[in-house]
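Close look at the chain arrangement
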Amino acid sequence: MNEQQTPRRRTAGLTTTEFVAISASVFIGLALLWWAVTAAQLVKPLFLPPPGAVLTRLYELAASGQLAADMGISIYRILAGFLISTAVALPIGVLIGRYQTFEAAIEPLVDFIRYMPVVAFLPLTIVWTGVSDGQKLLIVFIGTFFQQVLLIMDNVKSVPRDFINLGRTLEMPEHRILTRIVLPSALPAIWDSLRISLGWAWTWLVVAELVAATSGLGYRITTAQRFFATDTIFGYLLVLGLLGLATDQLMKFLGRRFFAYGEVR
Amino acid sequence: MALPTLSIAGLGKTYAGRGNPVEALCGVNLDVGHNEFVALVGTSGCGKSTLLSIAAGLEAQTDGRIEIDGQPIVAPGRDRGVVFQSYTLLPWLTALGNVEFALIAAGKSSADARTIAYEHLKLVGLTNFARAYPQQLSGGMKQRVAIARALSYRPQILLMDEPFGALDALTRHHMQELLTRIWERDRTTVLFITHDVEEAVYLADRVAVMSNRPGRVKEIIRIDLPRPRRYEMLGTLRFQELQKQVLDCIRAESIEAEGLAEVLG
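None of these values were measured; they are calculated from a predicted model.

The subject of this paragraph is the overall build of chain A. From N to C terminus, chain A includes 10 helices and 0 strands. Listed by position from the N terminus, the elements making up chain A come as α-α-α-α-α-α-α-α-α-α. Projected onto the principal axes, the alpha-carbon positions of chain A cover approximately 70 × 55 × 30 Å. Within chain A, the proportion of its 265 residues that are buried is 31%.

Structural data, given as structure tokens:
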């Protein structure tokens, strides 16, 4: 019985091993399909290079240090942009989730800006900050921040009314209700929101790097396109997917570690 | 006669609502004497939880007066211990931590809080579960922790809002026996809300029956069963008589509330 808990993700009766086995076989199955299609020469290699060619290309890029350099700069940018966005969104989201005055002042504005397409900010950010790292961070920020604020606001609003009433019956001052009850109660859900928004941050980083950059994973994809090096494009797409999957799994793992509260596992 | 601990006179509560105001309580009169256990029974939606909420200071009445030891209730306070139906244990704290939480809020040092919290877990028989987190506890155990927490800071009165309502019948009986034992030791004044007639008769010195909305106290029945109350008393003739008396009083209300007058009236 844990009616006050947010429901934890369950693997519908599967053991962890079974779950991983099923997930892995889907990946393997798709890879085999990819290999079969290219081996049977159903598609021109320019449009869909064979997996072997992509892996060879990736190996070359890794050996030359290019891959690591591109990954390094992109990971730095996304971490910086995401952390800045989170650092600003967290206090604002908590305030507008808890206090109606702040909600009235900020929520409609955030909603308004949220609906402006992030890509439409690209020209403006280039005018403002050139093609520096700052421009990438700004795009990641614009793409992530406004969504984060609204998600965090909702997380804070979902804190059970009775938890807050408990604090009131104990005559806790408002700031302690906020720090001792509201924050710890909303934290697991906020962590999940951050995990989801980190996925979006990746998208906006690559968009920014595709349009105007001189380094990074997105930049390498654009240059590869100029030379019709689709094997490089596919290789980098795989890398992006793997990085996304890895960060998501890491966030999930850390979330379970931080917020298990003695759950039997 | 000494001043009652809780004194309610002509209490009314009307919710503004959109266009059509809802009158939840109208002219409620009830005194709960010092060291007295009063059970308030009523059909669902009769306003009994609203009444408790006003007594807790979480809501304001729109009419009449409500006083604790002669002082009007205007805000929540630690002179009243509240036990909510939803157990409201903070999931990130252990059983011991949840009791300590209230004691720290009440200004105890952490050493004192630990000692007192432990004593109160002992009172409800949960010392073996002091280090357990709420989601490792059964519903009955959680509510025992909540009772320990509400008693720990020595309130003038315990306000209990259908505390056993979410428990299965067997556990509910154990909880009633436990509460009776605890109460007969300290005789902390209790206002206990329930819709379970047997529970009310078993626990209380007096049972106040509420009318349907707008709720008011329709009748007060003195329970002259001897103390200590024991489980075996449930089978006695006097218990059955009293139970029947309360049931007769509430039956008409319940039939009306459920819209069954046509069939059962």
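Now, onward.
This part is about the overall build of chain B. Along its length, chain B carries 8 helices and 10 strands. Since a compact globule built from 265 residues should have a radius of gyration of about 18 Å, the 19 Å found for chain B is in line with a globular shape. Principal-axis analysis of the C-alpha atoms places the extent of chain B at approximately 60 × 45 × 40 Å. By residue count, 46% of the 265 residues in chain B fall in the buried class. Partitioning the contacts of chain B with sequence separation of at least 6, the portion at a separation of at least 24 is 70%.

Of the residues making up helix α7 (residues 161–169) of chain A, those classed as buried are F163, I164, N165, L166, G167 and T169 of chain A. Check the buried side of α7 of chain A and you find it contacts α8 (174–211) of chain A together with α1 (48–56) and β6 (80–83) of chain B. Immediately downstream of α7 of chain A, the backbone of E171 of chain A shows phi near 55°, a positive value.

This paragraph deals with the sheet that holds strand β7 (residues 157–161) of chain B. Residues and elements named next belong to chain B. Overall, mixed pairing links the 6 strands, which are arranged β6-β7-β8-β3-β9-β10 in an open sheet. For this open sheet the edge positions go to β6 and β10 (217–222), each flanked by a neighbour on one side alone. Recorded for the sheet is a direction-independent mean angle of 15° between the axes of neighbouring strands. This element, helix α4 (residues 139–152), spans β6 and β7 of the sheet and lies at about 170° to β6.

So, about the interface of chain A and chain B. Quoted interface sizes are often the accessible area lost when the parts come together. Taken residue by residue, the interface counts 18 residues in chain A and 22 residues in chain B. In terms of residue count, the dominant contributor to the side of chain A that touches chain B is α7 of chain A (6 residues). A breakdown of the residues in the side of chain A that touches chain B according to their chemical character gives 8 nonpolar, 6 polar and 4 charged.

On to the nonpolar core. All names here are of chain B. Counting residues in each nonpolar core, the largest one holds 121 residues, and the members touching the most others are V38, V41, A55, L191, F192, A204 and V207. Taken together, domain 1 (6–79 + 159–264) and domain 2 (90–154) each give at least three residues to this core, which thus spans both. Discounting chain neighbours no more than four positions away, the residues touching F192 are F37, V38, A39, L40, M160, L203 and A204.

Moving on to the sheet that holds strand β4 (residues 63–68) of chain B. All names here are of chain B. Read across the sheet, 4 strands follow the order β2-β1-β4-β5 without closing on themselves; strand pairing throughout is antiparallel. Single-partner strands in this sheet number two, and they are β2 (22–32) and β5 (71–72). The pairing of β4 with β5 spans 2 bridges and is antiparallel. Paired with I68 across the two strands is Q71, which belongs to β5. Packed onto the sheet, α1 meets β1 (6–15), β2 and β4 and runs at close to 65° relative to β2.

A low pLDDT means the predicted coordinates there should not be read in detail. Residue and element names in this part refer to chain B. Per-residue confidence for chain B gives a mean pLDDT of 93; residues scoring 70 or more make up 99%. Within chain B, no element has a lower average pLDDT than helix α8 (residues 261–264), which sits at 80, and none a higher one than helix α2 (residues 95–105), at 97. Quick note on the complex model: pTM equals 0.87, ipTM equals 0.92.

Rules behind the numbers
Residues numbered from 1 in each chain as written. Chains lettered and ligands numbered in written order. Predicted model: local features only at pLDDT ≥ 70, side-chain atom pairs only at ≥ 80, totals over all residues. Helix = DSSP H or I, 4+ residues; strand = E, 2+ residues; numbered from the N terminus. Buried ≥ 20, exposed ≤ 12 C-beta atoms within 10 Å, placed from the backbone. Rg over C-alpha atoms; globule rule 2.2 N^0.38 Å. Contact = placed C-beta atoms within 7 Å. Pairing = 2+ DSSP bridges. Axes fitted to C-alpha atoms, helices over the stretch in contact; angles between N-to-C directions. Nonpolar A, V, L, I, M, F, W, Y, C, P; charged D, E, K, R; others polar. Core = buried A, V, L, I, M, F, W, Y, C linked by C-beta atoms within 7 Å. Domains from an automatic or database assignment. pLDDT = per-residue confidence, 0-100.

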